[in-house]
Amino acid sequence: MRSIAFREALREAMNEEMRRDDKVFVMGEEVAEYNGAYKVTQGMLAEFGDKRVIDTPISELGFTAVAVGAAQNGLKPVVEFMTWNFAVLALDQILNTASKMLAMSGGQIGCPIVLRGPNGSAGQLGAQHSTAFESYYANIPGIKVVSPSNGYDAKGLLKQAIRYESDPVIFMESEVMYGDKTEVPEEEYYIPLGKADIKKPGTDVTIVSYNKMMKVALGAAAELEKENISAEVIDLRTIRPLDWHTILESVKKTNRLVIVEEQWPFASVSSEISYRIQKEGFDYLDAPVRRITSADAPMHYAPNLAALAIPDVARTVKLVKEVMYLKK
């Protein structure tokens, strides 16, 4: 095992797949000459050249359309968005073309494309640069949505998405995690999409999260451990397909469920999980399913208001104690 940064894990995934298959190429704003806005694609232009690492104009709709067309003609594009907040401009291509073409063509034309970049809040960036989009894209049939919490998972999931997935894959990272260190093996590995991972076993309550909110979930579990409360922490990793079976099996053991996510509360990922678990696991629950989400409002620029809007360890611990009917 060796320790590398989250951004390096992503870069290794792309490098390895590009060396293996010359149909794979990368495109996006500043991915080549500038080595990537977040240095994820650093050094790739020098190795693969400007035919396979392509700087694009500042036009998400335009270059996503080019990539979707390339995917439908047998290539395997990996598109980097500077932020998923900007990718809403390309939603027409993702929703109306990439996700629907296999069905509309009667199974004749697929779209093996990976669209990746940072998602959610990253400090004082204001409302227009701070939205978490997992539930938006998970609502679209025909695409898969990945949202990893660490570099090890990110590398394995990204390699899986590039090499084996014939459907469009939405790959959502976090700007504030690119520098996080992670342990990855020397040998090649892949992680199948659609399988959650139990990051910490426990017996008293199940906490489910994904992406950077996993730090909150694990932080809350550590605080609860000090009070002899054993929390099982599950990392979804993939939002669509959603591995609710792993959650259900955990709830059968713990009888309580708390979900931590960065989405707005209405029609969120936690809404879907809550429905599934109450439907399939009602008899196992000793308390209502509870969740902590971002505030139901645009993100403020002021750091004190941003901190109040996003889930944190203290409020998560408080919520867990509520579902366990402990005194506050």
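Conventions used here
- Residues numbered from 1 in each chain as written.
- Predicted model: local features only at pLDDT ≥ 70, side-chain atom pairs only at ≥ 80, totals over all residues.
- Heavy atoms only, no water.
- Helix = DSSP H or I, 4+ residues; strand = E, 2+ residues; numbered from the N terminus.
- Rg over C-alpha atoms; globule rule 2.2 N^0.38 Å.
- Buried < 20%, exposed > 50% of the residue type's maximum accessible area, 1.4 Å probe, protein only.
- Areas by Shrake-Rupley, 256 points an atom, 1.4 Å probe, with all protein chains shown as cover.
- Lys, Arg positive; Asp, Glu negative; His and termini not counted.
- Charge placed at Lys NZ, Arg CZ, Asp CG, Glu CD.
- Polar contact = N/O pair within 3.5 Å; in protein donor to acceptor, adjacent residues only side chain to side chain.
- Contact = heavy atoms within 4.5 Å.
- Salt bridge = Lys/Arg side-chain N within 4 Å of Asp/Glu carboxyl O.
- Pairing = 2+ DSSP bridges.
- Axes fitted to C-alpha atoms, helices over the stretch in contact; angles between N-to-C directions.
- Core = buried A, V, L, I, M, F, W, Y, C linked by side-chain atoms within 4.5 Å.
- Phe/Tyr/Trp six-rings, centres within 6.5 Å; stacked < 30°, edge-to-face > 60°.
- Lys NZ or Arg CZ within 6 Å of the ring centre and 35° of its normal.

Participant: Sorry, what's going on with the overall build of the protein here?
Facilitator: When helices and strands are counted, the protein shows twelve helices and 14 strands. Taken against the 2.2 N^0.38 rule, which gives 20 Å for 328 residues, the C-alpha radius of gyration of the protein at 20 Å falls within 12% of a compact globule. The C-alpha extent of the protein, read off along each of the three principal axes, is 60 × 45 × 40 Å. Counting across all 328 residues of the protein, residues that qualify as buried make up 56%. When the accessible surface of the protein is summed, it comes to about 13,900 Å², and 54% of that surface belongs to carbon and sulfur atoms. Here the protein contributes 37 positive and 44 negative side-chain charges, whose respective centroids are spaced 3 Å apart.

Participant: So what exactly am I meant to see when it comes to the side chain of T56 here?
Facilitator: Inspection of the secondary structure assignment puts T56 in the loop between β3 (53-55) and α3 (60-72). A polar contact is formed between the side chain of T56 and the backbone nitrogen of E29, at a distance of 3.4 Å. Here T56 is in contact with M27, G28, E29 and F63, once residues within four sequence places are set aside.

Participant: Looking at this structure, I do not really get the pattern of salt bridges. What am I missing?
Facilitator: Once their charged atoms are close, side chains differing in charge can pair, the charge on each being opposite to the other. Enumeration according to the criterion identifies 30 salt bridges in this entry. Among the salt bridges present, the one from K144 reaches D167, with a minimum N-O distance of 3.9 Å. With K144 in strand β6 (residues 144-146) and D167 in the loop between α7 (151-164) and β7 (169-173), the pair connects residues that are 23 residues apart, well separated along the chain. For D167, a relative accessible area of 22% gives the class partly exposed. A salt bridge links E272 to R276; the shortest N-O distance between them is 2.8 Å.

Participant: Could you clarify how one ought to interpret the sheet that holds β3 in this entry?
Facilitator: Paired through their backbone hydrogen bonds, the strands of a sheet run either parallel or antiparallel. Across the sheet, seven strands lie side by side as β3-β2-β4-β5-β7-β6-β12; this open sheet has mixed pairing. Both outer strands of the open sheet, β3 and β12 (238-240), are each paired with one neighbouring strand and no more. Strand-to-strand twist in this sheet, taken as the mean axis angle between neighbours without regard to direction, amounts to 20°. By the bridge criterion, five bridges tie strand β2 (residues 24-28) to strand β4 (residues 76-80) in an arrangement that is parallel. Across the sheet, residue M27 finds its bridge partner in β4, namely V79.

Participant: What's the story with helix α12 (residues 313-323) in this structure? I'm lost.
Facilitator: Think of an α-helix as 3.6 residues a turn; residues three or four steps apart then line up on the same face. Those residues of α12 that sit buried are T316, V317, L319, V320, K321, E322 and V323. Buried positions along α12 lie against β10 (205-209), α8 (213-225), β13 (257-260) and β14 (290-292). Two residues or fewer past α12, Y325 is found with a positive phi of approximately 55°.

Participant: Could you clarify how one ought to interpret the sheet that holds β14 in this entry?
Facilitator: Reading across the sheet, the five strands line up as β9-β11-β10-β13-β14 and stay open at both edges, with mixed pairing between neighbours. A strand with exactly one partner marks an edge of an open sheet, and here the two such strands are β9 (197-200) and β14. Put simply, the sheet's adjacent strands are angled 25° from each other on average, direction ignored. Bridge count between β10 and β13: three bridges; the pairing is parallel. Bridging from a neighbouring strand, T206 pairs with L257 of β13.

Participant: Can you help me understand the environment of G142 in this one?
Facilitator: Here G142 shows up in the loop between α6 (134-138) and β6. Among the residues examined, G142 registers a relative accessible area of 35% and is labelled partly exposed. In the structure, G142 is positioned 148 residues away from R290 in sequence and 29 Å away in space, judged by C-alpha atoms. Setting aside its immediate chain neighbours within four residues, G142 contacts S99, D167 and P168.

Participant: Sorry, what's going on with the nonpolar core here?
Facilitator: The tendency in soluble globular proteins is for nonpolar side chains to be buried as a group. If you look at the biggest cluster of nonpolar residues, it comprises 42 residues, and the most contacted ones within it are W84, Y137, I170, L236, I247 and I273. Listing elements by their share of this core, those giving two or more residues are β2, α3, α4 (91-98), α6, β7, α9 (244-254), β13 and α10 (269-281). Ignoring anything within four residues of it in the chain, the contact list for Y137 reads W84, A87, V88, L91, I94, I143, V145, I170 and M172. One finds A13, V26, F48 and F171 within the second-largest nonpolar core, a separate group that totals 32 residues.

Participant: Looking at this structure, I do not really get the packing of aromatic side chains. What am I missing?
Facilitator: Within a pair of aromatic rings, the relevant descriptors are the distance that separates the centres and the angle that separates the planes. With the rule as written, the count across this model stands at nine aromatic pairs. Ring geometry for F6 and Y178: centres 6.1 Å apart, planes at 70°, overall edge-to-face. Within this pair, whereas F6 is found in helix α1 (residues 6-20), its partner Y178 is found in the loop between β7 and β8 (181-184), the two being separated by 172 residues in sequence. There is no split in this pair, since F6 and Y178 are both buried. One aromatic cluster in this structure is built from F63, F81, W84, F133, Y136 and Y137. When the ring centre of Y34 is taken as reference, the NZ or CZ atom of K39 above it lies at 3.7 Å.

Coordinates in, geometry out; function isn't part of it.
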